[in-house]
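For reference, the chains in residue letters:
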Amino acid sequence: MARKKIALVGGGQIGGIIALIAAQKELGNVLILDIPEVEGMVKGKALDIMQVRPHDGYDIKLEGTSDYSDLEGADVVIITAGVPRKPGMTREDLLGINLKIITNVANNVKKFAPDSFVIVVSNPLDAIVYSFYKVSGFPKNRVVGMAGALDNARFRTFIAMETGLSVQDVSCIVMGGHGPTMVPLTRLANVGGVPLTDLLSQDKIDAIVKRVQEAGTELVKLYGNGSAFFSPAAAIMEMAEAYLKDKKRVIPSTALCEGEYGADGYFIGVPAVIGAGGVEKVLEVNLSEEEEQMLGKTLEVVKKTVDETGL
Ligand code: APR
């Protein structure tokens, strides 16, 4: 079977870690594309990771480029192109600059990799993934944003830290936009099937929710000159792997809703089935009144940012 091809548009902090994970998991050959000014840097990353291969014994090929025509034949395209947040910035502050970048990227992906499954990561995610969808004209099942996979991993991490139990057994859902109004569904969170509400006090659960909602900002402050990159890369590759291996994983993803959860024509974070068909289905959870209200608030924020794109 021919090896799959994974193309990364944006070979910065997240792109570099994705390339390493894709190679180590032998998910496919990797192309790292960035702007001509930093072509040497992405060629360097590709060559550097090629030299990791002897230790691990895989034969994946990696290449760096600034030429969009090299996207040809890509099965998966992962877009991190853009600028990340600096301390004091919200994700929304990035809209102007990242919108211009995504428009150019979308036109090129449409031209050179029209059959690919596209995972968008650049912020503000909910508006940038919407813009890619509008500009590219891709079908909705082949465009998805990565946010919930990361927010969920953060929720799982903090639950495991607070309970002292294995992160492997923590299961939960985070819905809504990628920002402080996201909705971690504490009612459904559990550790090995035991409800979180039976394991921790409401105060502790509330503190975890707040930390999840601010987890990206906590890291922006700590890093000082950029945003998280290890955990986003791992979350992206979980989604890419589910697609490439047709796993039918249920992963919180930023998917186009057409009536689900009261959202019509917007991308929001929802539990989605990811398999060979891309986003194969949006699963609908019965929400409590309070959860519905929280989701309504997050939808307002998403709509406002999407409207600012003018698309
Ligand atoms: N085409 C291709 N690559 C581009 C373009 C473009 N038009 N414009 C910028 N880039 C590249 C930059 O040169 C840089 O190498 O995108 C890369 C972004 O990398 P970083 O600045 O290191 O940012 P990173 O931490 O990887 O985050 C990328 O993901 O989480 C979001 O908010 C974050 O929007 C940001 C994105």
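Residues numbered from 1 in each chain as written. Predicted model: local features only at pLDDT ≥ 70, side-chain atom pairs only at ≥ 80, totals over all residues. Heavy atoms only, no water.

**Describing the overall build of the protein chain**
On a plain count of helices and strands, the protein chain comes out with 11 helices and 14 strands. Computed over its C-alpha atoms, the radius of gyration of the protein chain comes to 19 Å, within 12% of the 19 Å expected for a compact globule of 311 residues. Based on the C-alpha atoms only, the size of the protein chain along its principal axes is roughly 50 × 45 × 40 Å. Each of the 311 residues in the protein chain was classed as buried or not, and the buried ones make up 52%. In the protein chain, 68% of the contacts between residues at least 6 apart in sequence involve partners at least 24 apart. For the protein chain, the computed accessible surface area is about 13,800 Å², with 50% contributed by carbon and sulfur atoms. Charge centroids of the protein chain, computed over 32 positive and 39 negative side chains, lie 3 Å from each other. (Helix = DSSP H or I, 4+ residues; strand = E, 2+ residues; numbered from the N terminus. Rg over C-alpha atoms; globule rule 2.2 N^0.38 Å. Buried < 20%, exposed > 50% of the residue type's maximum accessible area, 1.4 Å probe, protein only. Contact = heavy atoms within 4.5 Å. Areas by Shrake-Rupley, 256 points an atom, 1.4 Å probe, with all protein chains shown as cover. Lys, Arg positive; Asp, Glu negative; His and termini not counted. Charge placed at Lys NZ, Arg CZ, Asp CG, Glu CD.)

**Here we look at the site of the ligand**
Taken together, 19 residues form the shell around the ligand, and within it Gln13, Ile14, Asp34, Thr80 and Asn123 come nearest. Taking glutamine 13, its main chain carries an N or O atom lying 2.8 Å from an oxygen atom of the ligand. The contact in question runs from a nitrogen atom of the ligand to an N or O atom on the side chain of tyrosine 68, over 3.3 Å. Those elements that place two or more of their residues in the shell around the ligand are helix 1 (13-24) and helix 4 (95-112). Its residues assigned to classes, the shell around the ligand shows 10 nonpolar, 8 polar and 1 charged. (Near = heavy atom within 4 Å. Polar contact = N/O pair within 3.5 Å; in protein donor to acceptor, adjacent residues only side chain to side chain. Nonpolar A, V, L, I, M, F, W, Y, C, P; charged D, E, K, R; others polar.)

**What about the domain arrangement of the protein chain?**
Domain assignment breaks the protein chain into domain 1 (5-145) and domain 2 (148-309). Summarising the inter-unit geometry, the C-alpha centres of domain 1 and domain 2 are found 22 Å apart. Across the interface of domain 1 and domain 2, roughly 3,500 Å² is buried in total on both sides, 71% from carbon and sulfur atoms. When residues of domain 1 are sorted by the area they lose upon contact with domain 2, Arg85, Arg91 and Asp126 head the list and together hold 17% of the total. Where domain 1 packs against domain 2, one counts 2 salt bridges. Put simply, the parts of the chain that give the side of domain 1 that touches domain 2 at least two residues each are helix 1, strand 4 (76-79), helix 4, strand 5 (117-120), helix 5 (125-136) and strand 6 (143-145). (Domains from an automatic or database assignment. Buried area = accessible area lost by both parts, 1.4 Å probe. Salt bridge = Lys/Arg side-chain N within 4 Å of Asp/Glu carboxyl O.)

**Here we look at the packing of helix 6 (residues 148-163) against helix 10 (residues 230-244)**
Running from N to C, helix 6 and helix 10 cross one another at 120°; their axes reach a closest spacing of 8 Å. Classified by the angle between their axes, helix 6 and helix 10 sit oblique to one another. The handedness of the crossing between helix 6 and helix 10 is right-handed. Across the interface between the two elements, Ala149, Leu150 and Arg154 of helix 6 pack against Ser231, Pro232, Ala235 and Met239 of helix 10. For the contact of helix 6 with helix 10, the residue count by class is 5 nonpolar, 1 polar and 1 charged. (Axes fitted to C-alpha atoms, helices over the stretch in contact; angles between N-to-C directions. Parallel < 35°, antiparallel > 145°, perpendicular 65-115°, else oblique. Left-handed = near helix turned anticlockwise from the far one by under 90°.)

**Description of the nonpolar core**
Counting 91 residues, the largest nonpolar core has Leu71, Ile78, Ile79, Ile119, Phe132 and Met237 as its most contacted members. In terms of residue count, helix 10 provides more of this core than any other element does, 9 residues in total. There are two domains that each give this core at least three residues, and those are domain 1 (5-145) and domain 2 (148-309). With sequence-adjacent residues up to four places away left out, leucine 71 is seen in contact with Lys5, Ala7, Val9, Leu31, Leu33, Asn108, Val109, Phe112 and Ala113. Grouped together as the second largest cluster of nonpolar side chains are 16 residues, Met182, Val191, Leu200 and Ala215 included. (Core = buried A, V, L, I, M, F, W, Y, C linked by side-chain atoms within 4.5 Å.)

**Notes on the packing of aromatic side chains**
Two descriptors summarise a pair of aromatic rings, namely the distance from one centre to the other and the angle between the planes of the rings. All told, the structure shown has 6 aromatic pairs when counted by the stated rule. Taking 5.5 Å as the distance between ring centres and 35° as the angle between the ring planes, the aromatic pair formed by tyrosine 223 and phenylalanine 229 counts as tilted. Residue phenylalanine 229 is classed as buried on the basis of its relative accessible area, which comes to 12%. The rings of Tyr223, Phe229 and Phe230 are connected pair by pair, giving a single aromatic cluster. (Phe/Tyr/Trp six-rings, centres within 6.5 Å; stacked < 30°, edge-to-face > 60°.)

**So, the environment of glycine 269**
Within the secondary structure, glycine 269 is located in strand 13 (residues 264-275). On the basis of relative accessible area, glycine 269 is assigned to the buried category, the value being 3%. Separated by 14 residues in sequence, glycine 269 and alanine 255 place their C-alpha atoms 6.4 Å apart. For glycine 269, the contacting residues outside a window of four places in its chain are Met175, Gly176, Ser253 and Thr254.

**Quick word on a nonpolar patch on the surface**
There is a patch of nonpolar side chains on the surface, built from Leu165, Val194 and Leu199 and spanning about 210 Å² of accessible area. Position of valine 194 among the secondary structure elements: in strand 11 (residues 194-195). Judged by its relative accessible area of 36%, valine 194 falls in the partly exposed class. (Patch = residues over 30% accessible without salt bridge, like charges linked within 9 Å, V, L, I, M, F, W, Y side chains within 5 Å.)

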